[in-house]
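Single-letter residue listing:
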Amino acid sequence: MSDFYKKILDNNKQWVVDALEKDPNFFADLAKGQTPPLLWIGCSDSRVPANEIIGAKPGEVFVHRNIANMVVHSDMNMLSVLDYAVNVLKVKHVIVCGHYGCGGVKAAMGNQSIGIIDNWIRHIKDVYRLHNTYLDSIEDETERFNAFVEINIKEQVFDLSKTSIVQAAWKSGQALSIHGWVYGLNSGFVTDLEVNISSNTDLDEVFQLQF
Ligand SMILES: [Zn+2]
């Protein structure tokens, strides 16, 4: 058995010991159920662990992660997570958290084929096409990459708002805020991109659903 593999099993045992030392009922209480106030939609990148960077405990964050924190409206995995979070768990906030230096976003700016992932990255390329006049006007490649990361996050916030799930929640008066955050790998800080959408009237008319 590799050292790393053995180490993570040992780590788990130690984590249980430490948690029970702080609170003997920690796991017994968690086993009763969850009422997280937050759904986190983030990148799969190993350097952006949802709970850790916001100091959240088990039970506080419902998490969905994929490459480049995408909200693809025909993705049954994402839709199922969103539906459960909004309609069953009644989360108050959804955060789309992307990060600078995102490999998925970088790949979408280029032309190199990587494999089956090319087809996932096409969704990010669609975002580029939507904003290509602005993005192509940025000469510095790092600046353009950073701007694309931010624009992609904002577009995913809009894509969340366009779902029937979020629009129905707003229609019924449910308190639900959608946020876009960008995380700095080299600083540890998140920045709220302040994309404020709280009603479907903030969307282009063609996306506004009537119930
Ligand atoms: Zn990423």
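Scroll up for the structure.
Because the structure is predicted, anything quoted here is derived from the model rather than measured. (Residues numbered from 1 in each chain as written. Predicted model: local features only at pLDDT ≥ 70, side-chain atom pairs only at ≥ 80, totals over all residues. Heavy atoms only, no water.)

Visitor: Could you clarify how one ought to interpret the coordination of the zinc ion in this entry?
Guide: Each pair of donors in an ideal octahedron of six around a metal sits at 90 or 180 degrees, and each pair in an ideal tetrahedron of four sits at 109.5 degrees. Protein coordination at the zinc ion comes from C43 (SG), H99 (NE2) and C102 (SG), with a distance range of 2.1 to 2.3 Å. Summarised as a motif, the one-chain spacing of the donors to the zinc ion is C-x55-H-x2-C. With relative accessibility at 1%, the residue H99 sits in the buried group. (Donors = N, O, S within 2.8 Å, 3.2 Å for Na, K, Ca; no water. Buried < 20%, exposed > 50% of the residue type's maximum accessible area, 1.4 Å probe, protein only.)

Visitor: Help me understand the sheet that holds strand β4 (residues 177–183), please; the structure alone is not making it clear to me.
Guide: Hydrogen bonds along the backbone pair up the strands of a sheet, which may run parallel or antiparallel. Here we have five strands laid out as an open sheet, ordered β2-β1-β3-β4-β5, and mixed in their pairing. Two strands in the sheet have a free side with no partner beyond their single neighbour: β2 (61–66) and β5 (190–192). Across the sheet, the mean angle separating the axes of adjacent strands is 25 degrees when strand polarity is ignored. As paired elements, strand β3 (residues 93–99) and β4 share seven bridges and run parallel to each other. Looking at the pairing, V94 lines up with I178 of β4. Sitting on the sheet, helix α8 (residues 141–162) is in contact with β1 (38–43), β3 and β4, with an inclination near 160 degrees to β4. (Pairing = 2+ DSSP bridges. Helix = DSSP H or I, 4+ residues; strand = E, 2+ residues; numbered from the N terminus. Axes fitted to C-alpha atoms, helices over the stretch in contact; angles between N-to-C directions. Contact = heavy atoms within 4.5 Å.)

Visitor: Just to check I follow, could you spell out the side chain of N66 for this structure?
Guide: Following the sequence through the fold, N66 ends up in strand β2. Look at N66 and you get buried, because its relative accessible area is 9%. Separated by 2.8 Å, the side chain of N66 and the backbone nitrogen of M70 make a polar contact. Not counting residues within four places of it along the chain, the set of residues in contact with N66 comprises G42, C43, S44, D75 and W120. (Polar contact = N/O pair within 3.5 Å; in protein donor to acceptor, adjacent residues only side chain to side chain.)

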